[in-house]
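# Structure assessment
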Amino acid sequence: MKKIGYLFFLFAFVMNTNAQEKTMQLSLRQAIEFALENSYNAKVAINDIESAKKKVWETTTIGLPQINGAIDYQNFLKQPITVADINGDGVNEEFIFGTKQNMNVAVTLRQLLFDGSYLVGLQASKTFLKISEQAQQKTEYITREAVINAYGNVLLTESTITVLESNIKILQKNYNDAKKIFENGLNEEEDVEQLEITLSSLKNQLNNFKRLETIAYRFLNLAIGNPIEVNLVLTDTLDSLAEQNINLNLISKSFMVDNHIDYKIAENDRETKRLMVKLEKSKNLPTLNAFVNYGTQAFSNEFTFFDSDQRWFQSSLLGVSLNVPIFSSFGRKAKTAQAKIDLENSDIRLEETKQKLKLQVESAKNDYQFSVESYQTAKKNVDLAERIEKKQRIKFFEGLSSSFDLLQAQNQLYSQQQNYLQSMLDVIAKKAALENALNIPIK
């Protein structure tokens, strides 16, 4: 029995440990930090950089010595016959030259001495590495904003559930009281029915938001790189984050477009096009290669190549190869012209990116300022709506107002409550968008 009890305790301990391992407590800052290392996009961006580094080395090795070995073995199943008139009498004699079997072993060292395309390719590979590194930085900005929005959506859903539960509790009491008053013949049945309709609607909304809460948590898990089933406990609240994210100094912050990651990416795209022009021009230059070869051959009518008395005949060769492009029917000229057009287009796109980024900052500043103003207004309005609804509720039960007056006050309150919650999320989300537009580094 003791053994069974011990096993049961051990099983319960393991299950509890596993449950704890699947629960994470996260502030918004912790969620962002976790996502920057573990999100799916972050992992792919890191792998892209590693791949780009390998690409740089792959391109570099083209200009380094290349050594290749070769072993050739031949066995004539039927040897070729040569005929010749040796005696000059018109009769051809048959001759077999060479042995039935032969083997050739060779090692060749090749070295590229000059190739304009190689030099341009080496520059292009380094540019490609820079593009991959900038893509990772861009991914970090996108990840930060995505996590902030996902985290905020969870808090919005939870806050909405809390507000709905509070409203339902109050409305349920109102409905019960109104029903008792109606049963005593002191009010209209329509008043009770009106409260019942509103109560049913709120309960449906509550059930919907409870389902959305699960989905919101799963989206947050997806954004930070977790399995979607991981249980998350968020330590920040919507109210606290809204207050923390009010910083109107951002509105007056100067913007340096040349430092923006999107502008740098556009610049690198232009650099890529410039290298393509250079590549096409380099194809008009000659290429120079050198090689040295060492080999040994053996001949035999039987397979005796591994015998100690087998004779091997050695040879070596040194050579230089120069390839000079002379005339391509203007094909190379046409390719160069196309590359120049692409470069001109990239200049146009670069200027377009510059203007777009400036406009994006202006728009983001306006959106952020509006979100802060809306939040402050919504905060006042929800207090006013609560007082109005409370007064109408008192008047209704005192018989001084109708159920429609109470319904109007309730709907106004519910609308202002939702506006207030949404305004808090907007402050958080719009600040994240403005920080990305201003290219503020991730801390």
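Here, the structure is the one placed above.
Keep in mind that this is a model prediction, so the values were computed, not measured. Position numbers for residues count from 1 along each chain, tracking the sequence in the order it is written. Whole-chain, interface and lining totals are the exception, using all residues; otherwise, since this is a predicted model, local features are given only for residues with pLDDT of at least 70 and side-chain atom pairs are given and counted only at 80 or more. Hydrogens are left out, water is left out, and the side-chain values use all remaining heavy atoms of the structure.

A few words on the overall build of the protein chain. Per the secondary structure count, the protein chain includes nine helices and eight strands. The C-alpha radius of gyration computed for the protein chain amounts to 40 Å, which surpasses the reference 22 Å derived for 443 residues by more than 25%, pointing to a less compact arrangement than a globule. Dimensions along the principal axes, computed over C-alpha positions, put the protein chain at roughly 145 × 75 × 40 Å. The contact definition used throughout considers only heavy atoms, calling two residues in contact when any of these lie within 4.5 Å. Taking as baseline every contact in the protein chain between residues at least 6 positions apart, the subset at least 24 positions apart corresponds to 82%. Surface exposure here means Shrake-Rupley accessible area, sampled with a 1.4 Å probe, where a residue is shielded only by the protein chains that are shown. A total of about 27,700 Å² of accessible surface is found on the protein chain, and carbon and sulfur atoms cover 55% of it. We count a stretch as a helix when DSSP gives it H or I for four or more residues in a row; a strand needs E for two or more, and each element gets its number in order from the N terminus. Within these notes, the globule rule equals 2.2 Å times the number of residues to the 0.38 power, and the radius of gyration is based on C-alpha atoms.

A contiguous patch of negative charge, built from E188, E189, E190, E193 and E196, is present on the exposed surface. Turning to its location among the elements, E190 is positioned in helix α5 (residues 189-224). Exposure classes here rest on a 1.4 Å probe applied to the protein chains alone. A residue is buried below 20% of its type maximum, exposed above 50%, and partly exposed in between. Assessed through its relative accessible area of 41%, E190 is described here as partly exposed. In this scheme, patches are assembled from residues that exceed 30% relative accessible area and form no salt bridge. Like charges are connected within 9 Å, while nonpolar side chains (Val, Leu, Ile, Met, Phe, Trp, Tyr) are connected within 5 Å. When a carboxyl oxygen of Asp or Glu lies within 4 Å of a side-chain nitrogen of Lys or Arg, that pair is called a salt bridge. Residues scored as positive are Lys and Arg, those scored as negative are Asp and Glu, and His as well as the terminal groups of each chain are ignored. Positions of charges follow a simple convention, taking NZ of Lys, CZ of Arg, CG of Asp or CD of Glu.

This next bit is on the packing of aromatic side chains. Stacked, tilted and edge-to-face pairs are distinguished by plane angle, under 30 degrees for stacked and over 60 for edge-to-face with tilted covering the rest, among Phe, Tyr and Trp rings (Trp via its six-membered ring) whose centres lie within 6.5 Å. Evaluated as defined, the whole model comprises nine aromatic pairs. Taking 6.0 Å as the distance between ring centres and 85° as the angle between the ring planes, the aromatic pair formed by Y73 and F305 counts as edge-to-face. Of this pair, Y73 sits in strand β2 (residues 66-75) while F305 is found in the loop between β7 (287-300) and β8 (313-323), placing the two residues 232 residues apart along the sequence. Taking the relative accessible area as the measure of exposure, Y73 reaches 38% and is therefore partly exposed. Residue class for F305 comes out buried when judged on its relative accessible area of 3%. Look at F299 and F313: their rings are 6.0 Å apart centre to centre, the planes differ by 45°, and that puts the pair in the tilted class. Of the two residues, F299 is situated in strand β7 and F313 in strand β8; the sequence distance between them amounts to 14 residues. Chaining the aromatic ring pairs together yields one cluster made of Y73, F303, F305, F306 and W312. A ring is considered to have a charge above it if a Lys NZ or an Arg CZ atom is located within 6 Å of its centre and within 35 degrees of its normal. Positioned above the aromatic ring of F291, the side-chain terminus of R110 is 5.5 Å from the ring centre.

What follows covers the environment of N284. Within the secondary structure, N284 sits in the loop between α7 (261-282) and β7. As used in this structure description, the phrase polar contact means that two N or O atoms lie within 3.5 Å; if the pair is within protein, one of them must be able to donate a hydrogen and the other to accept it, and residues adjacent in sequence are counted only when both atoms belong to side chains. A distance of 2.8 Å separates polar atoms of two side chains, one belonging to N284 and the other to R332.

Before going further, it helps to spend a moment on helix α3 (residues 40-61). For α3, spanning 22 residues, the distance from its first C-alpha to its last is 32 Å, which sits close to the expected 32 Å at 1.5 Å a residue. Close packing links the buried residues of α3 with α2 (28-38) and α4 (116-183). Every helix has an expected span of 1.5 Å times one less than the residues it contains.

This part takes up the environment of S329. On the secondary structure map, S329 appears in the loop between β8 and α8 (331-397). In this structure, the C-alpha to C-alpha distance between S329 and T139, residues 190 residues apart in sequence, is 46 Å.

What follows is about the packing of α4 against helix α9 (residues 403-437). Packed helices, taken two at a time, are described by the angle between their axes plus the distance between the axes. Fitted lines through C-alpha atoms serve as axes, helices being fitted only where they are in contact, and the angles separating the N-to-C directions of these axes extend from 0 to 180 degrees. Close contact between α4 and α9 brings their axes to 10 Å; oriented N to C, the two are set at 170°. By the criterion of interaxial angle, the relationship of α4 to α9 is roughly antiparallel. For this scheme, ten residues count as nonpolar: Ala, Val, Leu, Ile, Met, Phe, Trp, Tyr, Cys and Pro. Four count as charged, namely Asp, Glu, Lys and Arg, and the remainder, Gly too, count as polar. For the contact of α4 with α9, the class distribution of residues is 13 nonpolar, twelve polar and three charged. Note that the term roughly parallel is reserved for angles under 35 degrees, roughly antiparallel for angles over 145, roughly perpendicular for angles of 65 to 115, and oblique for everything else.

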